[in-house]
Structure formats: structure tokens, C-alpha cells
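Here's the letter readout for the chains.
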Amino acid sequence: MRKGIISVLSSVISILVGLLFGLLLLLLVNSGAAFSKFGELLTAGVSSSAKLAKVLYQAAPLVMTGLSVAFAFKTGLFNIGASGQYTVGAFAALIFAIIFQMPWWVCLIAAMVAGGIWGFFPGLFKALFNVNEVITSIMLNWIGMFAVNLSLMNIKNAAGKLIMLPPAWVNSPIKDRTADLSYANPSAIIPKAGLDKLFDSNYMNISIFIAILFAVVLWVVLNRTTFGYELKACGNNKNASIYAGINAKRNIVLSMVIAGAMAGVGGGLYYLSGTAAYNIQKVLLPMGFNGISVALLATSNPIGTIFSALFISYIQVGGESLQPVFAKEMIDIIIAVIIYLSAFALLTKTILGRFIKTDKTNVNDDKAVEAEAAAEQQKEAELKANEGAGILPPTVEGETVPVEENSEESEDKAE
Amino acid sequence: MSEYVIEMLNITKEFPGIKANDDITLQLKKGEIHALLGENGAGKSTLMSVLFGLYQPEAGTIKKNGEVVKIHNPNDANALNIGMVHQHFKLVEVFTVLDNIILGAEPNKMGFLQKAEARKKVIELSERYGLHVDPDAKIEDISVGMQQRVEILKMLYRDNEILIFDEPTAVLTPQEIDELMEIMRNFTKEGKSILFITHKLNEIMAVADRCTVLRKGKYMGTVNISETNKEELSRMMVGRDVQFEVDKGEEHLGDVVLKVEDVTVPSKLHSNNAVKNVSFEVRAGEIVCLAGIEGNGQTQFVHALTGLDKMSHGKITLCGHDITKASIRNRSKFGMSHIPEDRHKHGLVLDYSLEENLVLQRYWEPAFQKCGFIRRGEVRKYANKLIEQYDIRSGQGSITSARSMSGGNQQKAIVAREIDKDPELLVAVQPTRGLDVGAIEYIHKQLVAQRDAGRAVLLVSLELEEVMSVPDRILVMYEGEIVGEFDPKKVTVQELGLYMAGAKRQEKAITEESEVAQA
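Residues numbered from 1 in each chain as written. Chains lettered and ligands numbered in written order. Predicted model: local features only at pLDDT ≥ 70, side-chain atom pairs only at ≥ 80, totals over all residues. Heavy atoms only, no water.

(A) Here's a closer look at the overall build of chain B. Within chain B, the regular secondary structure consists of 18 helices and 24 strands. Whereas a compact globule of 519 residues would reach a radius of gyration of roughly 24 Å, chain B reaches 25 Å, a difference of no more than 12%. Its C-alpha atoms give chain B principal-axis dimensions of about 70 × 55 × 50 Å. Out of the 519 residues belonging to chain B, those deemed buried represent 55%. (Helix = DSSP H or I, 4+ residues; strand = E, 2+ residues; numbered from the N terminus. Rg over C-alpha atoms; globule rule 2.2 N^0.38 Å. Buried < 20%, exposed > 50% of the residue type's maximum accessible area, 1.4 Å probe, protein only.)

(B) Spotlight on the environment of S49(B). Residues and elements named next belong to chain B. Tracing the chain through its elements places S49 in helix α1 (residues 44-51). Relative accessible area serves as the criterion here: at 2%, S49 is assigned to the buried category. Between the C-alpha atoms of S49 and K504, which are 455 residues apart in sequence, the distance is 42 Å.

(C) Representation of the layout of surface pockets in the model. All names here are of chain A. Of the voids in this model, the second largest pocket is the one considered here, and its volume is about 1,000 Å³. The set of elements that each furnish at least two residues to the lining of the second largest pocket consists of α3 (49-74), α4 (82-98), α7 (181-184), α12 (248-271), α13 (286-297), α14 (302-320) and α15 (329-342). Residues belonging to the lining of the second largest pocket are distributed by class as follows: 21 nonpolar, 12 polar and six charged. (1 Å grid on protein atoms, 1.4 Å probe; cavity = no way out; pocket = protein on both sides within 12 Å on 5 of 7 lines; lining within 4 Å. Points joined across faces, edges and corners; volume = space filled by probe spheres on them. Nonpolar A, V, L, I, M, F, W, Y, C, P; charged D, E, K, R; others polar.)

(D) Layout of the domain arrangement of chain B. Residue and element names in this part refer to chain B. Here chain B is partitioned into domain 1 (4-238) and domain 2 (256-518). If you average the C-alpha positions of domain 1 and of domain 2, the two centres end up 33 Å apart. Taken together, the contact pairs 11 residues of domain 1 with 14 residues of domain 2. Regarding the contact of domain 1 and domain 2, the summed buried area is about 1,000 Å², with carbon and sulfur atoms giving 57% of it. Linking domain 1 with domain 2 are zero salt bridges, by the criterion used here. Our count for the domain 1 to domain 2 interface comes out at two residue pairs in polar contact (both at pLDDT 80 or more). Taken together, the elements giving at least two residues each to the side of domain 1 that touches domain 2 come down to α6 (174-189) and α8 (230-238). (Domains from an automatic or database assignment. Contact = heavy atoms within 4.5 Å. Buried area = accessible area lost by both parts, 1.4 Å probe. Salt bridge = Lys/Arg side-chain N within 4 Å of Asp/Glu carboxyl O. Polar contact = N/O pair within 3.5 Å; in protein donor to acceptor, adjacent residues only side chain to side chain.)

(E) Structural detail: the packing of helix α4 (residues 115-128) of chain B against helix α5 (residues 144-157) of chain B. Residue and element names in this part refer to chain B. Closest axis-to-axis distance for the α4/α5 pair is 10 Å, and the angle between their directions is 115 degrees. By the angle class used here, α4 and α5 are roughly perpendicular. The interaxial crossing formed by α4 with α5 has right-handed handedness. Note on element contacts: α5 touches α4 through L153, L156 and Y157, opposite A118, K121, V122, L125 and S126. (Axes fitted to C-alpha atoms, helices over the stretch in contact; angles between N-to-C directions. Parallel < 35°, antiparallel > 145°, perpendicular 65-115°, else oblique. Left-handed = near helix turned anticlockwise from the far one by under 90°.)

So this is what it looks like as C-alpha cells:
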């Protein structure tokens, strides 16, 4: 319980410091307008029901890519390929919507499968050949994006028309984005269930609820099932999981497949909204990378992902109100600072942990032994740092990147 | 001039919420061997860190030859001629002995190394104290005992007067231990003072002049060794009487449980095999000990036996099942339990709670899961049962994070988990490593209880006391081969040491035996 509170606190602290930094930045650029615009930044998301609808609408795919990264994190994998999986998911959803004229939920399943396949390859290479999943998934990001672009621009129907593009459906010169679903296949648009009228915004649909449902399901899988138990064991201590007879290789692959599937659904949710069209351009979609931020801010907790995605989306919507007085990039900088600080979540956690621990001064013998052990570990770490500076493995987000371990060398970690 | 070279007076060092050292006084006379005795977590390491300037104490003073000194960092300690041989050596493997000795204190002229001078000094020191170290050998090519002497030479080269030995005998053979004791006595004749950190009472009785005992951060007193005995020291250290002899009755041999035939395991470090054609049997109701000095293939053999690594040749049979190629899970199902050598690397998922760790080998059984969902109530109930039955102590009971538990209780948790699986064969690899006397006594009792319950126990150990007292049969492993088989009642420690060091082997006896078995 205390651990949870510390996690939340450390994220909140990151957010507050990041916002403070943003305010300083605004003051530096244009001190006259800084305070009023900063106020707008903080309140724009709830200033009208339409703005709130936009927050929710953008949060849905963010929750999904956040889940994708967070789930892989829990298994000790860094899924930097959420962007590619998201793109491929979006592509599959659009193909099923436009070419096969399927209803929205079939398209979402297609997105899920496609994203899963895109996650499968890095997982497979990691499990079989110990190829770093970061490298394979970065490459698959680019492969995914260009393959999707190429396909969208070249898929023709029987009549020889480029069926994925607007000219096939309406009289339009636009050729750099996919066709509007309201013409191509209205049944593929995610239902709005009357929410659009309630919020008075065309953006509003049920996608945020679908995303929340997935978050809850993943939380249950991770925390209540034997499968989640195995996955987390692999992530925390691969050697111990092998010792316990867990099939670590299978779990690595499955974990990446599920992570990919989540990102794929994210792509489906966004591009089946009816209000977004896939732009054919040569940049990786930022939604996947924002998923990393969301997962970091949520300290990889699936439920936390819902809130951190809502926050990121909220501040992005707020950022739009900075314009034209401030450049649009300003909000990206503020978000970047928040994420940068949340990457220190582990550090903040340790500091907070100490702070909270010192409050309790009733010492019993067991605690004494613990503290002594901790102190000795710390000392050992210091000694190592003194001597081995430069030969320690590089770290990502405070976690040691697994290096090729030499099983013959059994390091004695006993106190 | 004071009688004492180093005095640490009323040292108190606090960590958040705990006094690791509470008003501790340690006075080292010139020319004496002074033992520092205490269980794990008693505060020995903290006290030494204070002496080395790694920690600043909240209260207390340090005096050198009667004058108060301030030690802010290890360099200050070095300047005061204090040197230490660490438990884990700090040597550069690919450097020569000479390079390692001068490392950090290289003699130079205008930035150019002056090795000839250094070499002369090293050879002279080596001869004076009978260390017999070749200055041009590479560290990776010499034995652990020799490496320790290099560490000792490092201190001598720096003209250290106060020498600290941190658990120096853990890695040595009996013969090497005797030699080390002799070397230590030579140092005191030369007027050097030695602080000897250990929890082995026999060694203290053999070599020390005085002994300071710590328990749970508190100073329990300093005694003259000539006026005390093992029992008194252990009572001071643990706070109660400790049983040294392992209590066990006659063995009742049953069927062959484990049969190992001709097992060969390739090494990951070099082209030689780490384990060469090892064959033996373990029957129900006996404890067989695989003894040997660290790094002679025991680890690799256990990994092959338990399925963590592959073997290149041979056959393993467990209760009639051929498990040569079986998965780890299947070996476990056939009745193998494994207390691993490294409890942090293999034995526990440190970020899991105690209860999650207690079901690490059984979470998939129907008792603990239903349709893939973990039956948390059942897990909790089972964990609480084990916690009570095996007296596993922790801050918050079953939901304590394994990481925050003490080493002894972590080990108890693993032992509880592996024994409660009701195995046919229990493989226990250095089950008492790094544990205090009380915990060691407890784990030995559990092993004997398993044997008496008709299980087969394979114990792998480096600790000679354990090798001599716990098993019914000893197999000595040297460079990947079994070089001797002994009855612990009929063999002496010295005899065993010769086999462990590779000086003797029962080659014929073993091959004949296996031939008879095959015929």
C-alpha cells in the first residue's frame, strides 16, 4: 500500500516540477502573457465539454500505447516499437473497414492481431537469438511505416481505383491521406452511443471506455493470474524464473505479442473514430512514443496508465490554447520535462521512501538486521562504483540493462 | 606512547531508524592478533567502514598511537598505514602479480614507471615473510590462496602497520589456512598488528590473542583467548548456547534415488570440460556431500543435474525416470528440490513478496490456481503455514518484500519451500553460505530431518566443518572429477584437504568400483 502511495507521489512531484519549469519558460519568452496563458494551459481541458471530449478522445489511443509499453516493461522488455505496432494496427483496421467493409469491432480485432504480429518478431528474436528488442522494434517501426504507406498508395480495387484514398469515394483531389470512413464505410466508425450529443462534440465516442476496459483486463492478468505471475517473475529475475521451471522464452514472445496487440488496438481506436484520417507522410507516428511517456509516468501500472494518459492528453489540449502567443512546441517541451523527471521516478521513489521510513523510529531487531544489510549493500555498491567506474553496464530508466551473463561466475551477493 | 596502535572509542553509527554500531570500543595492541567476532548483521562491516573513512560516525573517536585522528576517506586510512585484505579480492585478473601490487602506488620518475625498483622490494618482502609469490605470474593463472598472498603483499608494499583480514579463510584449503596462520604470526613478530574478522571460532582459538565480540550492533566485550573457550565465545556472539555437533542417528539406506552416470559438462570459460565423467549414486536416507574448493566444477555439475544448463555427455536417472533431457519443471515433478547456490540470483524473485516466493515452485498446482487465476487466499494460507512451521521472520509477514528480509530468513524461506514440496531428492548447494551460527544449526537440522524421513540429500559444500559433520558420505571433486570417496567418520580434515587440493587421488579405487558396478 505504502509502495503505491510513493509511486503516485513521485509521479505527481514530477508533474508539478515540470509545470513549474514550463511557467518559467513562458515567463522567459513573454513575461506579459505568461501567467494568463499558463492559466489557460491548466484549465483549457475543462473549459468546455467539447474540449473535455477532445481530451478523452486523444487519451484513448494513448492509454493503449501506454499499456503496450507498460506491459512489456513489467516483463523486463523495453517495447520502443509501439509506434510501428500502432501504425500497422491502424492499417489493418482501415483495410478491414474500407476493403472488406467490416463493422468496427471486427476492424478492432484485426488491428489487435496486426499489432500483435508486429510485436511477435522482436519477441521471437529476443527469445531465440537474444537480439535486443530495442533494436529490432526500432527497425520494425520504420518497416511498418513505409510498408503501410506503400500499401495505402498502391492497393487498387477490381476497377483499378486506389481504393484506400479519398478519390475512390468522393470527388476529391486529396491523395495524401486515407478515405473518410463516413463515406467509405460508416459501420466501421466506433459508436458514439449518444456521447457526442452529451458532450456536444463530434470527437466523443466510446473509445476511452474500451481503452479503460483493456487497462483493467491487463491489470487483472498481471496481478491475479498465473500467467501474470510468470511474466513478472521473468521481468524481475529471469534466472529465478528459469530455476522455477518457467518457460522464459515463451513468455518473452507472448509478452511482446500482447504489447504489440495493445498498441495495435490504439491505432484502430484512433483511425476508426471517423474524425481522423491516416496521413501518408514520412515520420513515425508520435502516439507510440508518447506511450513510453505514459508508461513511465504511470510507473508501468496498467491502472495508472489511464490517469497518466488522461493527463498527457489534457495538457496537450491545453497546449493548443498557448497559440498563437507562444509556439506550439512549448507544450512539447513542458511534457518532455515532466517525462524527463518521471524517468527519475526511481530516484524520487527512493528519496520519498527514505523520507517516509525515517518517520517510524520504533526499531525492532528484524529491522535492525535489514538496515544493516541495506547499509552493507550500499557500501559494497560504493566500493564497486569507486573501482569499476566505466565498466558497469549502461542503464535505462534506472534499471540495469541485462548483459550477457556468465553462469560460471557466480557472484557472491551474500552479505 | 599508548599501549594501543589503534583505538576506536565509543563509536556509534546510525542509519535511518537503526543503530548499526552502538557505543562500540575496539582497542588494538601493537603486535597482537585481535579477532573481531560477530554474526552477520552484528556491525563488523560497519565498524570497519568507519575505520576506513567510508562512514563518519555520529559519536566516538578514533586514536592512532594515543592521538586523535580524523579519517574522512580510504586515503586517510592508507596514510595512517591501515591496510585490508577484503573477502572478495580486488585484483586485476589480466595483470601480473607485480602490476597488481604496485597498482595505485606506482613508483615513477617523471611519469615513467620504475618497475625494477618495485620488483626488488616485492621479492624481498615475499622472501622475508615466506609468501613465495612469483611476481611475473598473471593473477588469472594462480590459485586463490596465492591471490590472497598478493593482497597481503599489497599491504606490505605500502608499509602498512595495521593489517585487517576480512574473513580470509573462507576460500582456502585446510593446508592453506595453516600457512596463513603461520604468516600472520610472522607479521606480529615484526611488530605489525592484525585485526582478524571472522565467525569461525576454531580459527580464533588457534591464532588470536584477544577477541572483541559484537552482537546486533552492541559491544559484548573483549576477552583474552587464553582465558576463554569456544562455548563462551559463541554464547557471547549468539546470546545462547549453540550446538556444534550435528545430532544424527544411524542411517537407514533405501533404494537408489539419484543415479549419475558419466556426466560431462563443457566449460563456458575455456575449451576444457568443467565436469569430467562424473558417476555416483545417492540412496534414500543418506546425505552425500560433494566437497571441494570453489571453482572445481561443482557449480556446473549442479546446473546440469538440475537442468539449468546442458551437459554434453552422460545420463541422469531420478527414481527410475531418465531425466537427462527433462525440463526443469519435469525434474521438479519427478521429485527434485533444489536449494540454489546463489539465493539472490536463482532462489528468489527479490521484488516479489514472501508469499509469492514461497509458491515459486508450486504456483501452477491446482491447489494454488483455478483456470489460470491464482487462488490468493490459498497462497496466503499456505505461506502463513510455512512461515509458522519454519519460523521465517520478516517485517510484515507474508506480504513482506523478499528484498527487505535478512539473509538468514531468505534462506529459511527457500529451505521451507523446497522441503515442503516433499521431494525424493533434495539438492542443497552451499545452503549455509553467509549465514550466522543460529541459522546454520537450523538448516543442518532440516537436512538431517529429510534424511531421517527417507529422502536422498545431495549436499554441495565448501565449508569443511559442514563437510565433516553433516553427510554420511563425502565425494571430493577436483578439477571436474571425483577424486575420492570417504566416510566422514574415518577421514581427517588434513587427509581431505590433500584430495581437495589435488595432491592425492583414489583413481584406481573408483574406476574399479564402477567396473564392478557395471559387471
